[in-house]
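Observations on the three-dimensional arrangement
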Amino acid sequence: MTNNLTKSAVDRQNILNNPEFLQEFQDFLGITGMVYEGEIRFTTAQIADFYDVSSKTIKRYVETAEKELSHNGYCVLKGVKLKEFKTLFGHLIYADIEEDFEKDINVPLKKQLTDKQKLTKLRNLSVFNFRAFLNIGMLLTESEKAKSIRSSILDIVIDSLSKKLGGSTKFINQRDEDYLVAMLREPQYRKEYVS
């Protein structure tokens, strides 16, 4: 499943549609973001920093999978919502103001602007909730951290399902009716296998 998460939208969505798993995984990661409209939010720069990739890489994935990411909580803030977000978290989003900012505002600048001045001219800002944050991690192939996240997702999903069925992942086959006999015979099996 770890390999399929980067390729299978169905597998990604099956995991992302489980609120119990999302909460468990959020607790496991222990990451915090900016709480806006009752959800933890992350900017493009914050996600790029977490997964140790460039902002351009994240934007490329957003372009190719925008429909899926939007379904899972990615959005672009504009107007009143952007103003409210900048008021609450302006001091945390300076990293999202790119060097080529002048191209985005359609007005030639005659002087160098400070980050605070650029922030006031910012017309839109991409933000991700925790679901979209995980969705990006499931899509990214360039990031070792994303690969590790996908592996952890698989472990937590298996453990969660096993707990629901009354077992644990320590002994995957413990619900098998021949488990006890096999456990007692394991030393003998090992001896025969190694010999």
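Just so you know, these numbers come straight off a predicted model, no measurement behind them. (Residues numbered from 1 in each chain as written. Predicted model: local features only at pLDDT ≥ 70, side-chain atom pairs only at ≥ 80, totals over all residues. Heavy atoms only, no water.)

Our next topic: the pattern of salt bridges. The tally for this structure, following the rule as stated, stands at 5 salt bridges. Glu37 serves as the salt-bridge partner of Arg41, at 3.8 Å between the closest nitrogen and oxygen. Residue classification places Arg41 among the buried residues on the basis of a relative accessible area of 6%. (Salt bridge = Lys/Arg side-chain N within 4 Å of Asp/Glu carboxyl O. Buried < 20%, exposed > 50% of the residue type's maximum accessible area, 1.4 Å probe, protein only.)

The next subject is the confidence of the model for the protein chain. Residues with a pLDDT of 70 or more make up 70% of the protein chain, whose mean pLDDT is 79. In the model of the protein chain, helix α7 (residues 101-105) stands out as the element of lowest mean pLDDT, 46, in contrast to helix α5 (residues 66-71), which has the highest, 96. Between residues 99-105, whose pLDDT stays under 50, and residues either more than four places distant or in other chains, the model counts 7 contacts. (pLDDT = per-residue confidence, 0-100. Helix = DSSP H or I, 4+ residues; strand = E, 2+ residues; numbered from the N terminus. Contact = heavy atoms within 4.5 Å.)

Further remarks concern the nonpolar core. Core analysis: the largest hydrophobic core is formed by 34 residues, its most contacted members being Phe21, Tyr51, Ile58, Phe133, Leu134, Ile136 and Ile153. Taken together, the elements giving at least two residues each to this core come down to α1 (9-16), α2 (19-29), β2 (39-43), α3 (44-51), α4 (55-64), α9 (130-139) and α10 (144-164). Residue contacts for Ile153: discarding those within four places in its chain leaves Leu5, Ile15, Phe21, Phe25, Leu134 and Met138. In terms of nonpolar packing, the next biggest core, distinct from the first, is built from 11 residues, Met34, Leu77, Leu119 and Leu122 among them. (Core = buried A, V, L, I, M, F, W, Y, C linked by side-chain atoms within 4.5 Å.)

Here the focus is the packing of α3 against α4. α4 packs onto α3 with a crossing angle of 110° between their chain directions and a minimal axis gap of 8 Å. On the basis of the axis angle, α3 is roughly perpendicular to α4. For the pair α3 and α4, the sense of crossing is right-handed. Counted together, Thr44, Ala45, Ile47 and Ala48 of α3 and Ser55, Ile58 and Lys59 of α4 form the full contact between these two elements. When grouped by side-chain class, the residues that make up the contact of α3 with α4 number 4 nonpolar, 2 polar and 1 charged. (Axes fitted to C-alpha atoms, helices over the stretch in contact; angles between N-to-C directions. Parallel < 35°, antiparallel > 145°, perpendicular 65-115°, else oblique. Left-handed = near helix turned anticlockwise from the far one by under 90°. Nonpolar A, V, L, I, M, F, W, Y, C, P; charged D, E, K, R; others polar.)

Now for the side chain of Ser152. Following the sequence through the fold, Ser152 ends up in helix α10. Taking the relative accessible area as the measure of exposure, Ser152 reaches 16% and is therefore buried. Filtering out sequence-adjacent residues up to four positions away, Ser152 remains in contact with Phe25 and Phe28.

In spatial order, the strands read β1-β2-β4-β3; together these 4 strands make up an open sheet with antiparallel pairing. This sheet does not close on itself; its edge strands, each paired only once, are β1 (34-36) and β3 (75-78). Adjacent strand axes in the sheet meet at a mean angle of 50°, parallel and antiparallel pairs treated alike. Sheet topology places β3 next to strand β4 (residues 124-129); 4 bridges connect them, and they run antiparallel. Along β4, the bridge assignment pairs Leu77 with Leu125. Together, β1, β2, β3 and β4 form the strand contacts of helix α6 (residues 79-89), whose direction differs from that of β1 by roughly 140°. (Pairing = 2+ DSSP bridges.)

Looking now at the pairing of β2. Within β2, 4 of the 5 residues are buried, which leaves the element mostly enclosed by the surrounding structure. Two strands pair when backbone bridges link them, and β1 and β2 are joined in this way by 3 bridges, in the antiparallel orientation. Within β2, the position partnered with Val35 by the bridge is Ile40. A loop of 2 residues connects β1 with β2, the two strands running antiparallel in sequence, and Glu37 in this loop sits at a positive phi of about 55°.

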